[in-house]
Amino acid sequence: MGIIGQSIPVRDAAMKVTGQFKYTADLEFPGMLHAKILFSPVPHARIKKIDTSRAEALEGVRGVVCYLNAPDTKYNSCGEEIDGHKTERVFDDTVRYVGDKVAAVAADTVKIAEQAVKLIQVEYEELPFYTDPGEALKEGAYPIHGESNIIFPVDMGAGDVEAGFKAADYIYEDTYSTPAIHHSAIETHASIAVYDSSGKLTVYTPSQDVFGYRKNLSRIFGLPMSRVRVVNPGMGGGFGGKIDTITEPVTALLAMKTGRPVKLVYNRREDIVSSRTRHGMEIKIKTGVKKDGTIISQDMQVIINAGAYAGGTMSIVWAMSGKFFKNHKTPNIRFRATPVYTNTPIAGAMRGFGSPQEFFAQQCQMNKIARDLHISIIDMQLKNLVEPDGFDQRNGQRHGNARPIDCVKKGMELFGWEEAVKEQEESGAAKGRYRIGVGMAAATHGNGVYGVCPDTTGVILKMNEDGSVVMFTGVSDMGNGSVTTQAQAVAQELGISMDRIECIQADTDATMYDLGNYSSRGTYVSCNAAVKAAGKIRQELLKEAAQLLEEEQQNLELKDNGVCVRNNPEKKASLEEVITHARKVNQRDICCADTFASYALAMSYGAHFVKVSVDTRTGGVKVLEYTAVHDVGKALNPMSVEGQIEGAVQMGLGYALSEGIIIDSGGKVKNTTFKQYHIMNAGEMPPIKVGLVEETEPTGPYGAKSIGECSVVPSAGAIANAVANAIGCEVHRLPLKPDTVLELLARENETVERRDGITL
């Protein structure tokens, strides 16, 4: 049908824009109760006494839960780390950050539940607390969990880093910092739990990992998995923030206590504080270069703020460690990370799994080195980026058909790099109020988790009597089009039109196992699963059609919602006739299930180019032009690919210029609304040019690689470099709010003593 390569809207787009789509918060059940949580007002304390009697006595309250009547089971809320550091309970006798769960109420209405939580009386024994990872790391610091505030240190390397530094002409050492930020999904965290009289727990939730949720709920409540069902009705954005279980154990506990369905929906204030954040980090990077800009040695040391619980932190640490070795062909390279517990909101996965932080630091320092050595950042990139035959220096693992150099070259042309640099030079020479700056960054992100754990997705395809198809997939579509892309693959393989495919997604009772919707698996792994299952059912259809048409199977092909003979296209049958033959003659259904397991780890690459205007009077930064070029292997759905990149640019702009969780000295988040926590709006967005490098990736479906996460990774570095080049002062921390830019401008006229390219 030629479906692959066509621009096709997300399959449920019309339902969403007409308001017919039902998200979790839209669902209603008979007798349903509404829940609210009492959150901790202190950053670290033991609960000495809790009195829920007044709340329980309030008319309309049907249940109150806290650590006294909750399971004592410890768990890790992140499915990818489910057997790792288990630090959480549904409710604990110790709270570890402002916003931690203390108790919850189920009542007839939301208003009654809100009133009830205010009636719960708690006496706290306050404990030492730390909002700064550096303080939590000090000798003698009070342990937030166990005996140490370090979760698990990571040290990985290749070559001889120290020898590389000795051989370098210049050595640079810099420290960079990035903030914790909110995922800002349109849909906040929500769940509905139903516990029926048969003892079965069903949870409806916009989860990126329904099977991970099922396993955690099974363990927490001591139920066999056959008694736990998790369903994702749909998702209004995830970005990694909906990988971890957050509200689900609470609604499940309340449903089991009350015997009635229970719904819990976070408002924005609750979501910003008590869901998950991107990890804030302090990154020290030391780089040894030759005079021509060749990087021969690099060492990165990272302190990672995990927040109050372990969650998915180690997934982020391991992902960062791997990707650091896959952008440049540096022969001597080392990555060291120290993830630290603090009494701040819990950090977790967010679009890029640590890549935006580490490549912000790496690419900013690269820009500094290029300026110091008076060479073009483009020339330095082309000299150091990996090539199509590149491999990981640690283990020889190939990067796949890596094309970052093609991205840089295409981006230069699309952006108009040379002309933009001239404009920057003219602006700098004029020393006017507004300075033009241009910057770029190149970075990478992986495809799937091969090598870390079994990376599998299962798909079931069932033929209907009229030749249409129902696909059952464990994939949770986050609005990124993953399920649409799977449907495209089925249409391609079976020769049917997209309107003849229905999709049932992410239901642990109905679909086969899927590892989870993270680590850029949506196209690279899950679409491969659809191709494999469709290939299997294709053979069954051809086998049946061969009998019907009295032809050899190899002479037949599926096309135009039917099957025909290759050298005699007039001899054909509809798929409805084929299925009728299967049922009436051979008395069988045509239904196939298969699992795809990834056995490769291709890398996606991107290069972003930015032009900014910096107001030297106010410190304001306006992004004037933006070009993003990505190595995607093959764009299976160009509309979806471009949409992912454009959305990623919006997120990258916010990360670079305005976003960041602000915590006061008492551990309380200060910016808990979108009025205080500023994400980029439509009026602030620049024109965006998108370029695609389509060089087939042999291990991907139809040659494709992922785009959802890689598309955000180079953005902060590119914007920071543009600002740095505009004002002549290096950027070392995000976000670049006006006051930060004014601080940098104040240093512009300071004399910096330099010798041999090394800042003293």
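An unreviewed UniProt entry annotates the protein chain as Xanthine dehydrogenase originating from Enterocloster bolteae 90A9.

Peer 1: Even after reading the chapter, I still don't get the overall build of the protein chain, so can you show me in this structure?
Peer 2: For the protein chain, the count of helices and strands is 19 helices and 28 strands. Taking 27 Å as the expected radius of gyration for a compact globule of 760 residues, we find that the protein chain reaches 27 Å, a close match to that expectation. Its C-alpha atoms give the protein chain principal-axis dimensions of roughly 90 × 80 × 45 Å. Put simply, of all contacts in the protein chain between residues at least 6 apart along the chain, 80% involve residues at least 24 apart. Total accessible area computed for the protein chain in this model is approximately 28300 Å², and 48% of it derives from carbon and sulfur atoms. In the protein chain, the 82 positive side-chain charges and the 93 negative ones have mean positions that sit 2 Å from each other.

Peer 1: Would you mind showing me how to read the side chain of Thr-473 here?
Peer 2: Along the chain, Thr-473 turns up in strand 18 (residues 469–473). There is a polar contact of 2.9 Å between the side chain of Thr-473 and the side chain of Gln-486. Those residues in contact with Thr-473 that sit more than four places away from it in its chain are Gly-458, Val-459, Val-483, Gln-486, Ile-504, Gln-505, Ala-506 and Thr-511.

Peer 1: What is the right way to look at the nonpolar core in this model?
Peer 2: Here is a general trend for soluble globular proteins: nonpolar side chains tend to be buried in one another's company. Val-302, Leu-657 and Leu-736 are the most contacted members of the largest nonpolar core, which totals 86 residues. Apart from the residues lying within four places of it in its own chain, the contact partners of Leu-657 are Val-621, Val-623, Met-680, Ile-719, Pro-735, Leu-736 and Lys-737. If you look at the next biggest cluster of nonpolar residues, it comprises 47 residues, including Leu-542, Ala-545, Leu-558 and Leu-575.

Peer 1: Any chance you could explain the sheet that holds strand 21 (residues 562–565) here in plain terms?
Peer 2: Pairing between the strands of a sheet comes from backbone hydrogen bonds, and it takes one of two forms, parallel or antiparallel. What the 3 strands build is an open sheet, ordered 20-21-22; its pairing is antiparallel. The open sheet has two edge strands, strand 20 (556–559) and strand 22 (568–574), and neither has a second partner. Put simply, the sheet's adjacent strands are angled 30° from each other on average, direction ignored. Relative to strand 22, strand 21 runs antiparallel, the two sharing 4 bridges. Among the inter-strand pairings, Val-565 is bridged to a residue of strand 22, identified as Asn-568. With respect to the sheet, helix 15 (residues 526–549) is in contact with strand 20, strand 21 and strand 22, its orientation differing from that of strand 20 by roughly 120°. Sheet strands in contact with helix 16 (residues 575–584) are strand 20, strand 21 and strand 22, and its direction is about 55° off that of strand 22.

Peer 1: Help me understand the UniProt feature "domain: Aldehyde oxidase/xanthine dehydrogenase a/b hammerhead" (unreviewed entry) in the protein chain, please; the structure alone is not making it clear to me.
Peer 2: When the UniProt feature table is mapped onto this chain numbering, "domain: Aldehyde oxidase/xanthine dehydrogenase a/b hammerhead" (unreviewed entry) sits at residues 18–128. Secondary structure across residues 18–128 divides into 14% helix and 32% strand, with the first and last C-alpha atoms of the span separated by 51 Å.

Peer 1: Explain the packing of aromatic side chains to me, please; I cannot follow it from the model alone.
Peer 2: Describing an aromatic ring pair means giving the distance of the ring centres and the angle of the ring planes. Enumeration according to the criterion identifies 13 aromatic pairs in this entry. Judged by centre distance (5.9 Å) and plane angle (50°), the rings of Phe-324 and Phe-335 are tilted. Taken together, the residues span a long stretch of sequence, with Phe-324 in the loop between helix 9 (313–323) and strand 15 (332–341) and Phe-335 in strand 15 at a distance of 11 residues. Comparing Phe-324 with Phe-335 shows no difference in burial state: the two are buried. Ring centres of Phe-415 and Trp-417 lie 6.3 Å apart, and the angle between their planes is 45°; this geometry places the pair in the tilted category. Since its relative accessible area comes to 5%, Phe-415 is described here as buried. The class for Trp-417 is buried, based on a relative accessible area of 6%. Taken together through their ring pairs, the aromatic side chains of Phe-324, Phe-325 and Phe-335 make up a single cluster. Sitting over the face of the ring of Phe-165, Lys-286 holds its NZ or CZ atom 4.5 Å from the ring centroid.

Peer 1: Explanation requested: the pattern of salt bridges in the structure shown.
Peer 2: Between side chains of opposite charge, a pair can form when the charged atoms approach closely. Following the criterion strictly, the structure yields 45 salt bridges and no others. Arg-89 serves as the salt-bridge partner of Asp-92, at 3.1 Å between the closest nitrogen and oxygen. Residues participating in the shared-partner salt-bridge network are Asp-72, Arg-89, Asp-92 and Arg-96.

Peer 1: Could you clarify how one ought to interpret empty space enclosed by the protein in this entry?
Peer 2: Rolling a probe over the atoms, with the probe sized like a water molecule, indicates the empty space that remains. By the definition in use, this model includes 4 cavities of 30 Å³ or more. In this model, the largest cavity occupies a volume close to 160 Å³. If you go around the largest cavity, you meet 18 residues; those closest to its centre are Glu-88, Asp-100, Lys-101, Tyr-309 and Ile-346. Looking at the lining of the largest cavity, its residues break down into 8 nonpolar, 4 polar and 6 charged. The residue makeup of the lining of the largest cavity includes at least three contributed by each of domain 1 (11–124 + 183–272) and domain 2 (275–446 + 600–752). Considering only enclosed or pocket space, the second largest cavity measures out at about 50 Å³ in volume.

Peer 1: So what exactly am I meant to see when it comes to the pairing of strand 21 here?
Peer 2: Regular strands place side chains that alternate from one sheet face to the opposite one. Both faces of strand 21 are covered, namely the face carrying Gly-562 and Cys-564 and the face carrying Val-563 and Val-565. Pairing between strand 20 and strand 21: 4 bridges, direction antiparallel. Counted as the bridge partner of Leu-556 is Val-565 from strand 21. The hairpin turn running from strand 20 into strand 21, its antiparallel successor, is 2 residues long, and Asp-560 in that turn takes a positive phi close to 50°. With antiparallel pairing between neighbouring strands as the criterion, strand 21 and strand 22 make up a hairpin whose turn holds 2 residues.

The rules we used
Residues numbered from 1 in each chain as written. Predicted model: local features only at pLDDT ≥ 70, side-chain atom pairs only at ≥ 80, totals over all residues. Heavy atoms only, no water. Helix = DSSP H or I, 4+ residues; strand = E, 2+ residues; numbered from the N terminus. Rg over C-alpha atoms; globule rule 2.2 N^0.38 Å. Contact = heavy atoms within 4.5 Å. Areas by Shrake-Rupley, 256 points an atom, 1.4 Å probe, with all protein chains shown as cover. Lys, Arg positive; Asp, Glu negative; His and termini not counted. Charge placed at Lys NZ, Arg CZ, Asp CG, Glu CD. Polar contact = N/O pair within 3.5 Å; in protein donor to acceptor, adjacent residues only side chain to side chain. Core = buried A, V, L, I, M, F, W, Y, C linked by side-chain atoms within 4.5 Å. Buried < 20%, exposed > 50% of the residue type's maximum accessible area, 1.4 Å probe, protein only. Pairing = 2+ DSSP bridges. Axes fitted to C-alpha atoms, helices over the stretch in contact; angles between N-to-C directions. UniProt positions renumbered as here; feature names shortened; annotations may be inferred. Phe/Tyr/Trp six-rings, centres within 6.5 Å; stacked < 30°, edge-to-face > 60°. Lys NZ or Arg CZ within 6 Å of the ring centre and 35° of its normal. Salt bridge = Lys/Arg side-chain N within 4 Å of Asp/Glu carboxyl O. 1 Å grid on protein atoms, 1.4 Å probe; cavity = no way out; pocket = protein on both sides within 12 Å on 5 of 7 lines; lining within 4 Å. Points joined across faces, edges and corners; volume = space filled by probe spheres on them. Nonpolar A, V, L, I, M, F, W, Y, C, P; charged D, E, K, R; others polar. Domains from an automatic or database assignment.

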